Each structure stands twice: as C-alpha cells, then as structure tokens.
Amino acid sequence: MNLWHISEELFDSTPKQLHSQETVYTIGNGYFGTRGTFEEGFRGANPATLLFGVFDTIPIAHEELANAPDWLPLKLFVNGERFRLDSGQILGYRRTLDMQHGILRRTVRWQSPDGAIVTIESERLASLADEHVGAIRYSVTAEQQDVDLVLWASINTAVGNYNVMHWDTTDQGHEHAMIWLLSETKTTHVQLMQTMSFTTTAPFEHEIIDSDVSPSIRLRGKVAAGTTFTTEKIVIMYTSRDNVEPVRAALKHHRTLMVATEPRPKADTATTPLQAAEPHSTQSPYTRLLSRHIEAWQHYWATADVIIEGDELAQQGIRYNLYQLRINASAHDSRYSIAAKGLTGFGYRGHVFHDTEIFMLPFFTYVMPEIARNLILYRYHLLPAARQKAANNGYQGAQYPWESTLSGEETTPPAIVHPETGEVIPVLNGSLEIHITASIAHSVMEYWRVTGDDDFMARYGVEMMLSTALFWASRVEHNADQHDYQITNVIGPDEWHEHVNNNAFTNYMAKNTLEQTLKAWLWLQQHYPHRAQNLAHQLNLTAEQLAHWRDVAEHIRTPQNPSTGLIEQFDGFFKLEPLNQERYTGRTDSYQGIFGIEHVQKYRIVKQADVLMLLTVLSDQFNLKTKQANWDYYYPITDHNYGSSLTPAFHVILACELGLPNEAYELFMKGTLVDLQNLRGNTPEGIHAACSGAVWQAAILGFAGLQLTPDGYKTNPHLPDKWTRLAFTCFYKGEPVHFDLHI
C-alpha cells in the first residue's frame, strides 16, 4: 500500500460507484475544484468544476455554486474508433490520486473493437502554485501496429448542476494556437474567461474549431508501433470576481506560460508516423507547471502532514482528509468560506454552515492560521446582514444565518424533498437553529487564544463578539417564576427534535459567548481604548447592558443533575419514549428516514452529538464525572451509522479522555473512511468536508490529547493499540511546534 496514494485497479461503471469515485478523485486548489470524471466522458457522468464563491440564482434554495464549462474533455480516436471505457475491451486499468503531489493519474490499456491495442496515460492537476491553471498531460502508446490518431480537446459548455444550466456564452474566439471562451452566469452576471492550448512536439496536424458550445483544438497524425505520442492541455480561468478584467488577464497569463516553448514543428504531411519524441531545449509549459505545483504541495505537507505508524489504512485515510481540507479552502479570499461539500459536488449547493467553525476551523487555526483568519473574516464581512436578520426577528446585535453564501442573507431553503423518505418537508433550520451565532463567536476566541493575533481581535474580533452578545442578551427570555433566563423554540445540533426549549448546547454556548465577550471587551478597553470608545458609540453599549450580560450569563437555564452531572439535552427530553434499537438491526436508513420527520421526534434518539459535542467544544468547563455520566447516557442513543457523518470522528476526543480506546478507534475509522468507502451512501453529492476537519481533531485533540495551556501546548496521548507513532505540527502564536509521540 502506498500511503500517499488512493488507487483503484478495476473500473466499476455502476452509477453509485461511478459518481462516488468522481468525488473521491476530485482535484482542486481552493480557487476551483474539478470532479474526477474522465477526459473522454462516460454515460451518466456528473462532470463539475466549481469556482470558489461563483454562485448563480436558483428557485427556493436561493443560489448555488455554478458548474462552470467543463475544461477536461479530450476525445481520442484510434483508427477512426473512439476510445471509450464502455466500448472495445479494457485490458488493464489503474487510477491513482497522488495526494503528496496533488496529481490524478490514470493508465488504461485498451483494445479497440477492430483490434488495435494502445496504452493511454493521463495525469491532471489543479495548480496549487498558480491557482488559475488546470493542466492535463495525455499520452498514447501504439503497442503492436501503427495507428492513426485524432485527439480532440475542448471546453464543453453543455454541463449544469444536474439539469440546471447556469452559464451563457457571451464571446468565443482564438489567437494563434490558443482558443478562448467567455461565459457569464445567467442571473448573477459573473464573467468567466477560459483559455485553452493543446500542444505537442510531434508533427501532427493542428486544427482550431470555433464554437459557442464546444470550442476545440484537434490534432491528427500517425504513431508508429512501439512509440508514444504525448500532448499537453493547459487551461487558464479568471472571473470578474478576481479584481481584474478576466479576458485580458487570462490571455496575458496564458501567453506568459507558453512563451518559453519552442514553436511547434510544422508537419510536411499528415501521414508521417511519429517515431520518437523530438528533443527540445526548453521545458514544456506542463513540466514547468508541474514542478512549481509539486513544490507548493511539499510546502503544505511540511506543516500539515500527520504521521501515523503501525496502521497503514489510518495513515492513508487521514492524509486523504488533509488533502480535502487544502483543496477546498482559498489561500487568500475572505469573501467566501468552505461549504459543507467544499468544491467537490452539488450537495448543499455550496452553502456554508457552522460546520466550518466547529469542525474545520480548528485545523486551520492550529496549522494554517492565515487561512483561519480569512475564514473568520468571511463572517466579519457578513455582519451587516447578520445585524439585519436580528433586527428583522426583533432582536439586537447580529444573528448569523444557518446557511449562507456571499451576501450573508439566510439561504436555507423553506422546504426540501427528504432524501430518504421522498416527502416534501419544511426546513425550519433557518429560523430555529440559532446556535451557529455562538459557534462563530467561539471560533473567534479560539483563533485568538491559539494565534495571539491581537491586531485581528482589535480590528474585527471584539466587534463580532459584542454583536453576537447583543443578540443573545436580547434573544433570551426572563422567567420571573424560576428566576432564570431561557431560550425557547429552537433546534439544537441533534436536528431530529424541533421547537424545543432550552437546548443545552445552545444555552451553554450563549452563556459562553457572553462571558468571553465581557473578557474581550475589558482587554480592548485596556489595550486599544480608542477602538473601544468607537465600538461603544457604534453599538450603543451602556453600563446597564454589560450588567445585563453578566446577569444573563450567571442565570441562564443550564439544567444539570447536581449529583450525577447528567445534562438534559432540552426540556422534556428525558420524558420522550425510549427506542428499542435492537428491532432495527440491519437497517440501511437513519431513524428519521424510517419514522419520518414528525414521528421520530417522540423518541429518545439522537441524530448527532449534541450534549456530547458541548462537552467537547467547552471541554475545560466540565469535569470528568460529568463527561462520563453524559457519555454513558447519550452515546448508546446516538445514530452513529446513519445519523450524521460528523458524529463518529468528533466523539473520539471524548472517548479518548474517558479511556475508551477501542470505541475511539472504531469511531475514528468511520469518520476517516466516510468518503473513501462511501459509508453514508451520499459521497456522490460531494465529500463530507466537516468530517475531514473532525478527523484531524480526533487525531490531534483526541489520540494525541493536545491541550493549550497558558505556557503553550501539552499532550496526553491515548494512542490506539496498533499505533506506534503519531507526529504532527501546530502553530502557537506564530511559531511552529513539532510533536512526535511514540509508544
């Protein structure tokens, strides 16, 4: 097993496997992600290239990432017969994602229907060093006889988000050996310029075919038996979001890439067989791109890699999740964040949830703090919309949307078709799942605690904290009879129980927001008094308000049995009917899928970590007795297999702390392999990006037991039995800290 490679040696054309592997073999660089479809295409495939922050409007769900014109197509004809995986005979097949270098390779040995045998090798990349560039190197080897080859490379506009088409062609043309296509989204009017070159050093005919639908370059020639023909396809992409004029920028960029290449030899005839690759004195564009791309990936892995020895599957799996975290995050753009499916598929339409802050952001905070800063800045930029949502609902401060894109407005659809039951169901999360506002505030404080970025905190962080505190202080309801504050009519992280009162996670996180905000406000007054004065004026802060915050934080309802430490998930949860899970052994659906959205709410069954997530996120605030009591109660009634992909890996942290290594390892592997093995059955819709972040947390905060102290880091390892080493790097206040744990 190569611990850096994800490989398959058998082509499975069943739709479920085909689409799942399209997701698994996605390449990307944070600017764009391209699913692992084949260059030659395949019946029923779902090709997609999604660009960071490029949306178009749709009914009901507001907007979605717009599937760009496909830059991959490269059709091959051998002696007039088209190479297809469902035609002729596959004599050998291997596809590999090289995670270490960010390269997708494929080798197919193919016999055409008329008997010609060729070996086709391709490799593609989304340049990590030059984010506007996608590239393919494509080779054909004639094995037993001379063959006539035609290769037809194009940009295909006939792709959509399934049946929804988002782009119109506005212009198309060519210059010299390069074609270009200018497209625009139908309603948001984002322009996309794509340029393409398709070159070879072989004496092949070169033909440009202009088209508004599929502009192409066609190469035609002969290859002698035993020799190899190689070509390079380079595509440049710029959008009008890039603060440049996309047409000029893409053309200039492409010309620069090609300038060091010697002119293509002119063919005397179309019938001269290719004998061997002709030497040339300069590196080809692809070779230069590849070198810089590999160097960029080496730089990433130098700090991001997590080394596990003694368990090859775990090592390979965690690297896959670290690969996904990098390809779905922009290195510099703070106008958008990481969606639930990243840039790998159409699931959740590119909308951003609290998945980013709770599950993914810790990895970036500890390992790539510059990206973490941008992810939080995304939320800062959306403060005006969050304030407007709070005002529209009758509250003060800022209330963040459950789902968001670019404007910060609520993009949760009002209804969806349930994926398991097929029923049309209302989606109440946009109005009731309000804990996201506390999750964002928590992420601000954690970023500050780890990085020590005082400048960020003074400029942006404290304002975000104050704004969310204003919301919570106005959202709580004072109960004079019980002498406390309550938060009613919400949906907690569990999500299977709606319209609940005093959800523990929501209330505790609101309390934490108020407490931490008061500390941050005091710090700002002491160290940045001018900024504090401006914020006090801007937000109309008064001494009475601050006193109210303290009172709410002290008296908000946080029900917990004082003798056992057990926390009730929400008011009345303990009175719900128990569910005999043994009756459903062998099920393949979640309990919500089995019972329906209304009926499941009467049972004491949990979709995903709620109370247990609270005990993990605010770990320092709860003792071991409390954690054990709640684990014993809630772990058995959580749907670990079909409830949520987030639960397994995230539970690892708590399981390690409680000395449950077997349970922890089983959960870790469920999270690590969720997409590689399509454990949830929905990998075709895109990777589980939040689970990728949870896997890192499971390894580092769980098995390594990493904790931040006033003096820096300490570890409390609980390594699985087969692990002999766990090594990783984190940053603390700008300085790298290396850990190497051995058994």
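See the structure shown above.
Because the structure is a prediction, the values reported are computed rather than measured.

Engineer: Please provide a residue-by-residue account of the overall build of the protein, values included.
Structural biologist: Broken down by element type, the protein carries 19 helices and 29 strands. Compactness check: the protein gives a C-alpha radius of gyration of 27 Å against a globular reference of 27 Å for 743 residues, within 12% of the reference. Counting only C-alpha atoms and orienting by the principal axes, one finds that the protein spans roughly 95 × 60 × 50 Å. Out of the 743 residues in the protein, the part that is buried amounts to 61%.

Engineer: Summarise the nonpolar core; cite the residues concerned and give the values.
Structural biologist: Most often, soluble globular proteins have nonpolar side chains that are buried together. If you look at the biggest cluster of nonpolar residues, it comprises 203 residues, and the most contacted ones within it are L149, F363, F364, W549, F668 and F728. Of all the elements, helix α10 (residues 454-475) adds the most residues to this core, at 12 residues. Setting aside anything within four residues of it in sequence, one finds F363 in contact with Y300, A304, L322, L325, M368 and W696. Core analysis: the second largest hydrophobic core is formed by 19 residues, A135, I234, Y238 and L289 among them.

Engineer: Can you break down the state of the cysteines residue by residue, with the values?
Structural biologist: One pass over the full model with this rule turns up zero disulfides. Lacking any disulfide linkage, C691 is separated from the closest cysteine sulfur, that of C656, by 15 Å. Not part of a disulfide, C730 finds its nearest cysteine sulfur in C656, a span of 16 Å.

Engineer: Break down the packing of aromatic side chains for me, with residues and values.
Structural biologist: Tallied over the entire structure, the rule returns 46 aromatic pairs. When the ring of Y348 is compared with that of F353, the centres are 5.3 Å apart and the planes differ by 75°; the resulting orientation is edge-to-face. For Y348, a relative accessible area of 49% gives the class partly exposed. Using a relative accessible area of 7% as the deciding quantity, one classes F353 as buried. A network of ring pairs unites the aromatic residues F363, F364, Y366, W696, Y713, F728, Y732 and F739 as a single cluster. For the cation-ring pair, R218 lies above W152, with the distance from its terminal atom to the ring centre recorded as 4.5 Å. A cation over an aromatic ring shows up here: R587 above the ring of Y591, its NZ or CZ 3.9 Å from the ring centre.

Engineer: Got a sec to walk through unusual backbone geometry? Specific residues and values, please.
Structural biologist: Notably, R349 is not glycine yet its phi reads approximately 60°, a positive angle. Note on placement: R349 falls in the loop between α4 (312-327) and α5 (355-367). Here R349 falls in the partly exposed class, since its relative accessible area comes to 36%. Phi at N678 is positive, roughly 50°, even though this residue is not glycine. As for its placement among the helices and strands, N678 is situated in the loop between α18 (661-672) and α19 (689-703). For N678, a relative accessible area of 11% gives the class buried.

Engineer: Which residues make up the pattern of salt bridges, and what values do they have?
Structural biologist: The full count for this structure, using the stated rule, is 39 salt bridges. Between E123 and R137 there is a salt bridge; the shortest N-O distance is 3.1 Å. Residue E123 is found in strand β11 (residues 117-126), and its partner R137 is found in strand β12 (residues 133-142); the two are separated by 14 residues along the sequence. On the accessibility criterion, E123 (11% relative accessible area) is buried.

Cut-off values and rules
Residue indices begin from 1 for each chain and proceed along its sequence in written order. Confidence filtering applies because this is a predicted model: local features only for residues at pLDDT of at least 70, side-chain atom pairs given and counted only at 80 or more, and all residues used for totals across whole chains, interfaces and linings. By convention in this description, side-chain values take in all heavy atoms of the structure and omit both hydrogens and water. Starting at the N terminus, helices and strands are each numbered in turn, a helix being any DSSP run of H or I of at least four residues and a strand any DSSP run of E of at least two. When we talk radius of gyration, it's over C-alpha atoms, and the globule rule is simply 2.2 Å times the number of residues to the 0.38. Classification of residues uses two cut-offs on accessible area relative to the type maximum, computed with a 1.4 Å probe and protein chains only: under 20% is buried, over 50% is exposed, and between them is partly exposed. For our purposes a nonpolar core is just a set of buried Ala, Val, Leu, Ile, Met, Phe, Trp, Tyr and Cys residues, chained together by side-chain atoms within 4.5 Å. Contact between two residues is taken to exist if any of their heavy atoms lie within 4.5 Å; hydrogens are not considered. For the purposes of this analysis, a disulfide is any pair of cysteine sulfur atoms at a distance within 2.5 Å. Pairing of aromatic side chains here covers Phe, Tyr and the six-membered ring of Trp, requires ring centres within 6.5 Å, and sorts the geometry by plane angle: under 30 degrees stacked, over 60 edge-to-face, intermediate tilted. A ring is scored as having a charge over it whenever the NZ atom of a lysine or the CZ atom of an arginine sits within 6 Å of its centre and within 35 degrees of its normal. One speaks of a salt bridge when a side-chain nitrogen belonging to Lys or Arg is within 4 Å of a carboxyl oxygen belonging to Asp or Glu.

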